[in-house]
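# Understanding the architecture of this molecule
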Amino acid sequence: MNSNELLIELRKFVLTKSGLRNIDPAHCKVISEYVFQETKNYVSETTIKRFFGFANTLHKFSLFTLNSLSQYIGYADWDAFTKDKRDNLTADQSLWQTLKLKAKAITDSSLVNKKNNSGVPFEFTAKRSFYYPDFDYFLKNNYQFATISAQPGHGKSILVAHLVEQFFHADHALYKNDIVLMINSYAIMTTIQAGLTLKEWFLKEFNFASVSDLVTYFKNNPNLKEGRFIIIIDGIDDYIANSNRFKLFVDFLYSIEENNFLKTVISLRTHTWINLQPVLTGSAFLTKSWYTGVYYDEDTLCNVPPLNNNEILHTLSHIEKKQVTIDDISQPLITQFKTPFWLQVYFKLSNEIKTLELEDPLLCYELINYFLEKKIFLAKKSTEKIFLLKKITEHISIGNKGLRVAKENVLNYIDSYPEAYEELLYTGILIEEKRLSTVVPTEIVRFLNNDIYTYFVFIQITETFKYRSSKAFFEHILQHFLPKTPLRNNILNWAVRFCVIRNEISELKNILTLPFTNEEKNKAFDFICSVAKYELSKPSAMFNKQSIGEDFISLLASGRTMSRLYKETVKHISDNVLNEDVQIMLHVIECNILLIDIDKASLVNTMQLLKRKYKRLNELFPINPYDLILYFYNNLINKPNEGRAIEDKIIKLCHQIDRTHPLKNGALTTAEILSYRLVLITLFAQKNYAECHRFIMAILNKYPNIFHIRNSVFSPFLLIHLGHTYLKLNYYKKAQRIVNFVDKIIRSEYTYYTPFISVGFFVFKASFYNCIHHYEQAIVECDEGLKIAQKSDFKTMEVTLYLLKIDALKHGEESEEVSNVIKQLLNFLSRHKISMPDYTNLNGGDFEQTFKVLKSYRE
């Protein structure tokens, strides 16, 4: 037994003695204490970590350490342990078995090192079974060597480790008789530190001067072979970066004669393979005996495909310690996790931050920021690296093969900082590729991940505007990036994150006022909610409990999306904000949400909080919103309302508004928006349509251009509500004009409206077509609205649409279909355990009896 084999054996016995099957760094302290108790010799936790491969070993273990561990497992000293193990070798053991035992000791050591240095615990990683048929085919056929080539972070080493265990070490491994020698960077560096060349090391370990000598020996003595000899070389990119070592490695490959039992597998990065491949393809023998693999891509020189969804879910389920499904993860994050490296970053980040969920799109950006912070901004030569990355970003162009730049175009910058550039390659931020499709093969430089490129594009924008957001800042994004592209979407999200982190909330309104697409505005609004929630959870953020002010509330009121994220954000911030007036505004918004959700229990709790601030509500709002919310709550629980009192307050407010001089839209306050919305739906619920019309006209008198607002949902809400009022007053031609006008502005790409407004418009159109007896079209509008309402969980709207559809169907001769929709409605109410308040019925008076019957029905 050589020293490596003896150390492997000693590790096994120490584990057994300590009662451990597997070991992680936390166990090392325990083992240190066990050794001290048993031997009274102190072997430090750090030494134990080095012994088990959790820390780099720059020297041999001291005799004191080896004696202490040997005594711990029951031997007098290290000499006694080594003598016992060597005596156990049988005299008649074959040369093949001796070589196998020696190779196993080295392979085991390489595997332990790989598992201990895995960014994600090895047992969490997925077995990349895509390569198993490839590997098996390579072993069984006339190929001399195979390459596993991929970009940094694509999981080559983990794949190799799983291959070794699956094919050679597992209980039911297919090829237990084969010798597998796995050499990785750890083994190579250990050899170099010992002052040996790899050739000297091979002679010392296996008693053959070279691999070529070993091949020749077994070719001359075929009866001594008991299987195949598989050499797996992993992680040698750093080693062969040196020109002399590169030549030695090439000579090694050339020296292997054609044979049927020795196979070599080389795992390396694509930028290393770029340099190695031309040398190897110069040999007819090596070209013929090279197995590329089914997944080999000639353009990228890679044969390791991205992770598939099942492999991603396997690892995430282990990290999260629960079953993770595809629905639990945001789509951008799934795309990011297809590169195994990002799972490693997530594993580290998730141990530090517990507040971000997998379904949160913000997590993608926090992963990128976390990675760059560790690898660039806090690393050595950070200034040089950042300079290089900016210059490469400036020169990158978008081609048919993605984002890349010819190396010659940035060679001056690379030559200025060669070490920083090499580190960027080895860190896996940049990669080099060969462009073979051109007349002269060209070297290409690109970012490994397009999202990292986007980050540096955004950094340059912030520098242009001196790290301050403004209207011009967002106009620049609007003008320089194409709409409906991932690049602009990502830049906008970085901008949102930048503004919230710096607490420049008022500037975010530029996203809504400038002609970004409606989809971009809605996505940005959701992202604002994500970032706000996250920043509020951080102890030293600028956007915090004290700093949240009117700007943020105004933003929330402008974009009433009713999404789950929006609801959670409103609730979370209202529970934490310290500004009393801001908290009151948030509670009013919360009550609006709960009324639409028909959530009586939560509504009561929030109303109690508002009631305590009743006096302040009178001061903040033109009409006390608590009175209006109470009206709806009583409606929900079927309690009679004192309608006259609230009506008098509304009429008084209407007169006040009507007497106001006309103002510009910019004067419209958040308190007004929240109050007017509640007043209008209250009047409508009271069926006081004439007063409802008068109130809208009063608002128009105060803000003559209010219908021209395109950056707030209040304008389309007001238009749709005016349309409903016209229907109830039998002004069908005016209602038709509202239908046409709203349809026109919603079709405009740059008008801001939300799914809630979309459903509201479908409700209005269905009601309009019912009124003019176009029942078939009313049913079409109901069905379209129901699709969005069900997807977005708009419970009030869903009930309203079911009622409108029942009314439309009743006017046809579709009795069976009427029964089906009634069943759907009743099942919906039962499933969600909600009632059917009066304000959900927008149908005419002839539907009143049907509504009363449906409302009174109990299963």
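Here the structure is shown first, and the text comes after it.
Residues numbered from 1 in each chain as written. Predicted model: local features only at pLDDT ≥ 70, side-chain atom pairs only at ≥ 80, totals over all residues. Heavy atoms only, no water.

Here we take up the pattern of salt bridges. When charged atoms on two side chains of opposite charge get close, those side chains can pair. Tallied over the full model, the rule gives 39 salt bridges. Across the salt bridge formed by Arg488 and Glu520, the nearest N and O atoms sit 2.8 Å from each other. With a gap of 32 residues between them, Arg488 in helix 24 (residues 486-501) and Glu520 in helix 26 (residues 518-536) connect regions that are remote in the sequence. No difference in accessibility class separates Arg488 from Glu520, as the two residues are buried. The shortest N-O distance in the salt bridge between Arg616 and Asp581 comes to 2.6 Å. In this pair, Arg616 is assigned in helix 31 (residues 614-620) and Asp581 in helix 29 (residues 580-597), connecting sequence segments 35 residues apart. For Arg616, a relative accessible area of 27% puts it in the partly exposed group. Taking relative accessible area as the criterion, Asp581 reaches 25% and is therefore assigned partly exposed. (Salt bridge = Lys/Arg side-chain N within 4 Å of Asp/Glu carboxyl O. Helix = DSSP H or I, 4+ residues; strand = E, 2+ residues; numbered from the N terminus. Buried < 20%, exposed > 50% of the residue type's maximum accessible area, 1.4 Å probe, protein only.)

It is characteristic of soluble globular proteins that their nonpolar side chains tend to be buried jointly. Counting residues in hydrophobic clusters, the biggest one holds 202 residues, and the most contacted among them are Phe337, Phe447, Phe474, Ile477, Leu508, Phe695 and Ile706. Ignoring any residue separated from it by four or fewer positions in sequence, one finds Phe447 in contact with Leu389, Ile392, Thr393, Ile396, Ile429, Leu430, Ile452, Tyr453 and Phe456. Judged by nonpolar contacts, the second largest core, of 42 residues, contains Leu181, Trp201, Phe206 and Ile274. (Core = buried A, V, L, I, M, F, W, Y, C linked by side-chain atoms within 4.5 Å. Contact = heavy atoms within 4.5 Å.)

Let's shift gears to the packing of aromatic side chains. Under the criterion given, the structure shown has 59 aromatic pairs. With 5.7 Å between their ring centres and 25 degrees between their planes, Trp78 and Phe81 make a pair best called stacked. Of the two residues, Trp78 and Phe81 both sit in helix 5 (residues 78-87), three residues apart, roughly one turn of that helix. Phe81 sits in the buried class, given a relative accessible area of 0%. Geometrically, the ring pair formed by Tyr455 and Phe456 is edge-to-face, given 5.3 Å between the ring centres and 85 degrees between the ring planes. Taken together, the ring pairs in this structure connect Phe130, Tyr131, Tyr132, Phe135, Tyr137, Phe138, Tyr143, Phe167, Phe168, Tyr175, Tyr291 and Tyr295 into an aromatic cluster. It is Arg677 that lies over the ring of Phe717; its NZ or CZ is 5.7 Å from the centre. Taking the ring centre of Tyr731 as reference, the NZ or CZ of Lys734 above it sits at 5.1 Å. (Phe/Tyr/Trp six-rings, centres within 6.5 Å; stacked < 30°, edge-to-face > 60°. Lys NZ or Arg CZ within 6 Å of the ring centre and 35° of its normal.)

Turning our attention to the packing of helix 34 (residues 670-685) against helix 36 (residues 714-728). The N-to-C vectors of helix 34 and helix 36 enclose an angle of 20 degrees; their axes lie 11 Å apart at closest approach. Looking at the two axes, helix 34 sits roughly parallel to helix 36. The two elements helix 34 and helix 36 meet at a crossing, and its hand is left-handed. Together, Ile673, Tyr676, Arg677, Leu680, Ile681 and Phe684 of helix 34 and Phe714, Phe717, Leu718, His721, His724, Thr725 and Lys728 of helix 36 make up the contact between the two elements. Its residues assigned to classes, the contact of helix 34 with helix 36 shows eight nonpolar, three polar and two charged. (Axes fitted to C-alpha atoms, helices over the stretch in contact; angles between N-to-C directions. Parallel < 35°, antiparallel > 145°, perpendicular 65-115°, else oblique. Left-handed = near helix turned anticlockwise from the far one by under 90°. Nonpolar A, V, L, I, M, F, W, Y, C, P; charged D, E, K, R; others polar.)

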